[in-house]
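# Coordinate inspection notes
Listed here are the chains, written in short residue letters.
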Amino acid sequence: MPRVICPACAADIEIEQEDASLFNQVRCPKCDALLEVIEESPLELEEVSEEGEEDEEGDKEEDE
Ligand SMILES: [Zn+2]
C-alpha cells in the first residue's frame, strides 16, 4: 500500500491503492483528520476542513 505522511499529525500512514487517486478523500487512522489526495506521484495529501463549505457568513456580499 502507498505510504504517505499525514499533513495534520505528521504520522507515516498507509492508504489503500484504490484510495490513492487524485482528489479522493481518506481519513487518517492516527488523528482522524479528513485528507484529500492532491498529488498522486509522489503521493501527497492535504488536510480538508470539515467545517462545511457552505458557511453562511462568508457568502454575503454587500456590494453597492
Ligand atoms: Zn493524521
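Everything below is about the structure printed above this text.
Model, not experiment: these values are computed from the prediction. (Residues numbered from 1 in each chain as written. Predicted model: local features only at pLDDT ≥ 70, side-chain atom pairs only at ≥ 80, totals over all residues.)

### Points about the nonpolar core
Let me state the cut-off plainly: For this analysis, nonpolar core means a set of buried Ala, Val, Leu, Ile, Met, Phe, Trp, Tyr and Cys residues linked through C-beta atoms within 7 Å. In this scheme the burial state of a residue depends on its C-beta neighbours within 10 Å: 20 or more other such atoms mean buried, 12 or fewer mean exposed, and anything in between means partly exposed; the C-beta positions come from the backbone. Each residue gets a C-beta atom placed from its backbone, and two residues are in contact if those atoms lie within 7 Å.
The biggest cluster of nonpolar side chains holds 7 residues, and these are Val4, Cys6, Ile13, Ile15, Leu35, Val37 and Leu45. Apart from the residues within four sequence positions on either side, Leu45 is in contact with Val4, Cys6, Pro7, Leu35, Glu36, Val37 and Ile38.

### Regarding the pairing of strand 4 (residues 34–40)
The criterion, for reference: In this analysis, strands are considered paired if DSSP registers two or more bridges between them. Under the DSSP-based scheme used, a helix requires at least four consecutive residues in state H or I and a strand at least two consecutive residues in state E, with every element numbered from the N terminus.
For strand 3 (residues 25–27) and strand 4, the ladder comprises 3 bridges, and the chain directions are antiparallel. Its bridge partner being in strand 4, Arg27 is matched across the sheet by Leu34. Hairpin remark: strand 3 followed by strand 4, antiparallel, with 6 residues in the connecting loop; positive phi at Asp32, about 70 degrees. Judged from the 5 bridges that link them, strand 4 and strand 5 (residues 43–47) form a sheet pairing that is antiparallel. Note on strand 5: the bridge partner recorded for Leu35 is Glu47. In sequence, strand 4 turns back onto strand 5 through a hairpin of 2 residues.

These values are about where atoms sit, not about what they do.
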